[in-house]
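Residue-level listing of the chains:
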Amino acid sequence: MKELQYRTFSLKTHKKNWRIKKPNVCQFELTFKCGLHCRHCYSDCYNKQEYIKGELSTGQVKFLLDKIYNAGVIWLCWTGGDPLTRPDFLEFYSYAKDKGFIITIFTNGCSMTEEIAGYLKKQPPFVIEITLNAVTKETYEEISRVKGSFEKAMDGIKLITQNKLPLKIKTQVIKDNLEELPKIKEFVENLGLSFRPSAFLHARLNGDLRPCSLRISPEEILNLDGNKQPLDNDCQLSLNTEPQKPITENRTPNSRLFPCAIGGGDGIHIDPYGNVIPCNCIRGPKINLFEKSIEEAQKSILNWVRSRRFITDSKCKNCSIRDLCYNCPGKALLETGSLEEPVEWFCELAKKTVKLANC
Ligand code: SF4
Ligand code: SF4
Ligand code: SF4
């Protein structure tokens, strides 16, 4: 398929679904299970048997695939945890392929096997996105906290490249791998891929703040890869390159809480128990898809998101540089317990970004 044709199709479909408020993208968390326990991971607190045992069965995953297919979803992103740790992965992968979904798989690569890679070669996904946080055993396992995981990740990448599967690699930058970034970049570029660092960390889903202490400094972020351009955001938070005009008496402050695409209506997020939730950071309200239709679930979530306004005097509400800030209600909720609170580290980054833009 020519890229231009695909991009035109994708853009047209997204625009149409945005207009008619029907989902065409589904972020589906298949499991919290993962073979690694990364120091910065926001979901590792649920990577425990007590949480995994209640996750969806194969039949339930297929039931939900039918449901999202009938609702008009085209793009399916399987995430986790690590979806490849599910022993039934190939069963519902083949089910989803037969339905015609365009599938993205997020994984760390450690659970890639010859069997999975061989199958994917015959029925390729749209892309496999691997997170690779180091290219030396010492740093990799310092971050992953699992002995022997470096070799497994490298073997996984080898299987993907040998089978010529579509691959993207991203890197989560934390204090521990900052010095290793040039080596990771070289490794990734030698595979013919683009180096894609991301430096945004947030607290764990249970409010554990330890990942936040691994953040690099705002100055280090702005100099990442020698690139002083605005940064990519994992959540497609739309950011302007210019700060807003300062709030004045003549200007009505925007009290809308969500600055991101979450209320757009063309995407849904499903957790490992079959609930539709607002996004990966905001786990409630949750609407169970075994009790409600996609349309009902989507409507409830959208009503909740769109009706949110600042109800406190948070300084984010009237902040003149909010358009340049990567804080958001989801990250704020996990770190401060409130959707509205500023997060000092993001404040500092936003101020430094403005300063840089004005240099
Ligand atoms: S590989 Fe991803 S899901 Fe697994 S522990 Fe690391 S950050 Fe979490
Ligand atoms: S976190 Fe700070 S910079 Fe960001 S919107 Fe809130 S007050 Fe503004
Ligand atoms: S609230 Fe934050 S985490 Fe949730 S979708 Fe918006 S930008 Fe992403």
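Worth saying up front: this structure is predicted, and the values here are computed from it rather than measured.

## Some remarks on helix 4 (residues 89–99)
Three or more residues of helix 4 are buried, namely Phe 89, Leu 90, Phe 92, Tyr 93, Ser 94 and Ala 96. Taken together, the buried residues of helix 4 touch helix 3 (58–70), strand 2 (75–79), strand 3 (102–107) and helix 5 (114–122). Positive backbone phi, at 95°, marks Gly 100, one or two positions downstream of helix 4.

## Comments concerning helix 7 (residues 149–162)
What sets the pattern is the α-helix's 3.6 residues per turn: residues three or four places apart point alike. Between the first and last C-alpha of helix 7 there are 20 Å, a value that for 14 residues agrees with the 20 Å anticipated at 1.5 Å per step. All of the buried residues along helix 7 are Ser 149, Phe 150, Ala 153, Met 154, Gly 156, Ile 157, Leu 159 and Ile 160. If you follow the buried residues of helix 7, they end up packed against helix 5, strand 4 (127–131), helix 6 (137–144), strand 5 (167–172) and helix 8 (181–190). Looking at the residues trailing helix 7, positive phi occurs at Lys 164, about 55°.

## Focus: the environment of Gly 263
Mapped onto the secondary structure, Gly 263 falls in the loop between helix 9 (218–222) and strand 7 (267–270). Spatially, the C-alpha atoms of Gly 263 and Leu 302 are 5.7 Å apart, while their sequence positions differ by 39 residues. Beyond its immediate sequence surroundings of up to four residues, Gly 263 is in contact with Leu 302, Val 305 and Arg 306.

## Digging into the packing of aromatic side chains
Under the defined criterion, the tally for this structure stands at 16 aromatic pairs. A ring pair is formed by Phe 200 and Tyr 326, whose centres lie 4.4 Å apart and whose planes are at 25°; its orientation type is stacked. Here Phe 200, found in the loop between strand 6 (197–198) and helix 9, pairs with Tyr 326, found in the loop between helix 10 (294–307) and helix 11 (329–336); they are 126 residues apart in sequence, far enough to count as distant. Of the residues examined, Tyr 326 reaches a relative accessible area of 4% and is grouped as buried. In this structure an aromatic cluster arises from ring pairing among Trp 78, Phe 89, Phe 92, Tyr 93 and Tyr 119. The side chain of Lys 99 reaches across the aromatic face of Tyr 69, ending 4.6 Å from its centre. Above the ring of Phe 106, the side-chain terminus of Lys 170 is found at 3.7 Å from the ring centroid.

## Considerations on the pairing of strand 3
Along a regular strand, successive side chains alternate from one face of the sheet to the other. Extensive coverage of strand 3 is indicated by the burial of 5 of its 6 residues. Relative to strand 3, strand 2 is paired through 4 bridges, and the arrangement is parallel. Residue pairing for strand 3: Trp 78 is matched across the bridge by Ile 105. In terms of handedness, the path from strand 2 via helix 4 over to strand 3 forms a crossover that is right-handed. Where the polypeptide runs from strand 3 across helix 5 and back to strand 4, its parallel neighbour, the crossover connection is right-handed.

## Quick look at the nonpolar core
In terms of nonpolar packing, the biggest core is built from 98 residues, with Phe 28, Leu 65, Ile 68, Leu 76 and Trp 78 touching the most fellow members. Looking at which element gives the most residues to this core, the answer is helix 7, with 6 residues. In contact with Leu 76, other than residues within four places in its own chain, are Cys 26, Phe 28, Leu 65, Ile 68, Ala 96, Phe 101, Ile 102, Ile 103 and Thr 104.

## Quick word on the side chain of Asp 82
As for its position among the elements, Asp 82 is in the loop between strand 2 and helix 4. It turns out Asp 82 is buried and unbridged, and the closest side chain with the opposite charge, Lys 33, is 10.0 Å from it. When sequence neighbours within four positions are dropped, the list of residues in contact with Asp 82 reads Thr 31, Lys 33, Cys 34, Phe 106, Thr 107, Asn 108 and Ser 111.

## Topic: the site of ligand 1
Taken together, Cys 34, Leu 36, His 37, Cys 38, His 40, Cys 41, Gly 81 and Asn 108 make up the full set of residues near ligand 1. When the residues that make up the shell around ligand 1 are grouped by side-chain class, the tally is 4 nonpolar, 4 polar and no charged.

## Considerations on the sheet that holds strand 1 (residues 25–29)
Taking strand neighbours across the sheet as the criterion, the 9 strands line up as 6-5-4-3-2-1-7-8-9 in an open arrangement whose pairing is mixed. Single-partner strands in this sheet number two, and they are strand 6 and strand 9 (287–288). Pairing geometry for strand 7 and strand 8 (residues 275–277), over 2 bridges, is antiparallel. Counted as the bridge partner of His 269 is Ile 277 from strand 8.

## A closer look at the packing of helix 6 against helix 7
Their axes nearest at 8 Å, the elements helix 6 and helix 7 cross at an angle of 105°. Put simply, helix 6 runs roughly perpendicular to helix 7. For the pair formed by helix 6 and helix 7, the contact residues are Lys 137, Tyr 140, Glu 141 and Ser 144 on the first element and Ser 149, Phe 150, Glu 151 and Ala 153 on the second.

Thresholds applied
Residues numbered from 1 in each chain as written. Chains lettered and ligands numbered in written order. Predicted model: local features only at pLDDT ≥ 70, side-chain atom pairs only at ≥ 80, totals over all residues. Heavy atoms only, no water. Buried < 20%, exposed > 50% of the residue type's maximum accessible area, 1.4 Å probe, protein only. Helix = DSSP H or I, 4+ residues; strand = E, 2+ residues; numbered from the N terminus. Contact = heavy atoms within 4.5 Å. Expected span 1.5 Å × (residues − 1). Phe/Tyr/Trp six-rings, centres within 6.5 Å; stacked < 30°, edge-to-face > 60°. Lys NZ or Arg CZ within 6 Å of the ring centre and 35° of its normal. Pairing = 2+ DSSP bridges. Right-handed = clockwise from strand over helix to strand, strands pointing away. Core = buried A, V, L, I, M, F, W, Y, C linked by side-chain atoms within 4.5 Å. Lys, Arg positive; Asp, Glu negative; His and termini not counted. Salt bridge = Lys/Arg side-chain N within 4 Å of Asp/Glu carboxyl O. Near = heavy atom within 4 Å. Nonpolar A, V, L, I, M, F, W, Y, C, P; charged D, E, K, R; others polar. Axes fitted to C-alpha atoms, helices over the stretch in contact; angles between N-to-C directions. Parallel < 35°, antiparallel > 145°, perpendicular 65-115°, else oblique.

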